[in-house]
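A closer look at the structure
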Amino acid sequence: MLRAVIVDDEIAAIDSLEILLNNCKQDIIVAGKASNIDDAHRTISNINPDVVFLDIEMPNGSGFDLLDRIDNINFDIIFVTAFNQYAIKAFKYAAVDYILKPVDINTLSNAIERIDSSKAQNNPDKLSILQESIENEKPQRIALSTQDSIEIVYTDDIIQFEAEGNYTKVYTLNNKPIVVSRSIKEYEELLTTPSFFRCHKSHLINFKHIKKVYKNQNYIEMVDNNLAYISRRKKNEFFEAINVFLAQ
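A brief structural summary. (Residues numbered from 1 in each chain as written. Predicted model: local features only at pLDDT ≥ 70, side-chain atom pairs only at ≥ 80, totals over all residues. Heavy atoms only, no water.)

What follows is about the overall build of the protein. In terms of regular secondary structure, the protein is built from eight helices and 17 strands. Residues counted as buried form 45% of the 248 residues belonging to the protein. The contacts in the protein between residues at least 6 apart in sequence include a share of 56% that link residues at least 24 apart. When the accessible area of the protein is evaluated, it comes to approximately 13,200 Å², of which 44% is carbon and sulfur surface. Averaged over its 27 positive side-chain charges, the protein has a centre that lies 10 Å from the centre of its 36 negative ones. (Helix = DSSP H or I, 4+ residues; strand = E, 2+ residues; numbered from the N terminus. Buried < 20%, exposed > 50% of the residue type's maximum accessible area, 1.4 Å probe, protein only. Contact = heavy atoms within 4.5 Å. Areas by Shrake-Rupley, 256 points an atom, 1.4 Å probe, with all protein chains shown as cover. Lys, Arg positive; Asp, Glu negative; His and termini not counted. Charge placed at Lys NZ, Arg CZ, Asp CG, Glu CD.)

Okay, the sheet that holds strand S17 (residues 227-229) next. With respect to topology, three strands assemble into an open sheet ordered S15-S16-S17, the strand pairing being antiparallel. Two strands in the sheet have a free side with no partner beyond their single neighbour: strand S15 (210-213) and S17. Pairs of neighbouring strands in the sheet enclose a mean axial angle of 30°, with direction left out of account. Across three bridges, S15 lies against strand S16 (residues 219-222) in antiparallel orientation. Across the sheet, residue Val213 finds its bridge partner in S16, namely Ile220. Along the sheet, helix H8 (residues 235-247) makes contact with S15 and S16, crossing S15 at roughly 130°. (Pairing = 2+ DSSP bridges. Axes fitted to C-alpha atoms, helices over the stretch in contact; angles between N-to-C directions.)

On the basis of which strands lie adjacent, the open sheet formed by five strands has the order S12-S11-S10-S14-S13 and antiparallel pairing. Edge positions in the sheet fall to strand S12 (178-180) and strand S13 (196-200), since each has one partner strand and no second. Each neighbouring strand pair of the sheet contributes to a mean axis angle of 20°, computed without reference to strand direction.

In the structure shown here, the tally under the stated rule is 13 salt bridges. For Arg69, the salt bridge is made with Asp38, and the minimal N-O distance between the two is 2.8 Å. With Arg69 in helix H3 (residues 63-69) and Asp38 in helix H2 (residues 37-47), the pair connects residues that are 31 residues apart, well separated along the chain. Taking the relative accessible area as the measure of exposure, Arg69 reaches 39% and is therefore partly exposed. A residue is classified by how much of its surface remains accessible, and Asp38, at 40% relative accessible area, is partly exposed. The residue Glu186 makes a salt bridge to Arg182 at a minimum N-O spacing of 3.2 Å. Among the charged side chains, a salt-bridge network with shared partners connects Asp8, Asp55 and Lys101. (Salt bridge = Lys/Arg side-chain N within 4 Å of Asp/Glu carboxyl O.)

This part covers the nonpolar core. In terms of nonpolar packing, the biggest core is built from 44 residues, with Leu54, Phe79 and Phe161 touching the most fellow members. In terms of residues, this core owes the most to one element, helix H4 (residues 85-94), which gives five residues. Here Leu54 is in contact with Val7, Gly63, Leu66, Leu67, Ile77, Ile78, Phe79 and Val80, once residues within four sequence places are set aside. In terms of nonpolar packing, the next biggest core, distinct from the first, is built from 19 residues, Leu2, Leu20, Val30 and Ile112 among them. (Core = buried A, V, L, I, M, F, W, Y, C linked by side-chain atoms within 4.5 Å.)

Among the secondary structure elements, Leu190 is positioned in helix H7 (residues 184-190). You can call Leu190 buried: its relative accessible area is 3%. With 97 residues separating them along the chain, Leu190 and Tyr93 place their C-alpha atoms 7.4 Å apart. Dropping the residues within four chain positions of it, Leu190 is found in contact with Lys89, Lys92, Tyr93, Ile142 and Arg182.

Here we take up the pairing of strand S6 (residues 76-81). Within S6, six of the six residues are buried, which leaves the element mostly enclosed by the surrounding structure. Going residue by residue along S6, you find Asp76, Ile78 and Val80 tucked away on one face and Ile77, Phe79 and Thr81 tucked away on the opposite face as well. Taken together, the four bridges between strand S3 (residues 51-54) and S6 define a ladder with parallel strand orientation. Pairing of Val52 across the sheet is with Ile77, part of S6. Of the pairings in the sheet, the one linking S6 to strand S7 (residues 98-100) comprises three bridges and is parallel in character. For Thr81, the partnering residue across the bridge sits in S7 and is Leu100.

Printed below as a string of structure tokens:
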């Protein structure tokens, strides 16, 4: 049985989420509720929950202020938010779980299923990246979830993404390739800075790490000597984009 705590400054939102949790197929019980940071800190300390459903914006502080008070975050966190699309992008940068308000029972059930199956502990860097991404228009780091770990990398250090079926291989300056179970399209939508360009269905490159461009060929050589291919339909767009990047 999973023990849950709900933290939200809106009592109606707490009550609504509790009703949904009581109707989920998983074994989960609402062991505590709080509508401000002080009460939330006391409740979490006393109950020692398995999961906390946490709103970010609250009176007298934020969800991050609450987490800063807790020395050992030994519970899973699912952020429940009414944030806009920009903030959703921040959650994806940090690879943390979130649910949008109004909460849908199927989405909620899926989130609980991930907790029940993985029992993953929270990486402090993931929470740091989330806060950084929400507060900064151009996040500097991204969390890459692999089968065995969470890899924290600087976006500037990413050389390219290469699609491999349902997986994506991430090449960086400092590590061997990182294999993640997310599609390359997700990273194309996430990394919308001028540095990154989807030049082929299988390649998303960082212009900062191009070693050589072969004008009459359909590939690029990157700084790690790996190749990235340019599709015919993207060739003109590629040269236009790289000229804009170089002119900055």
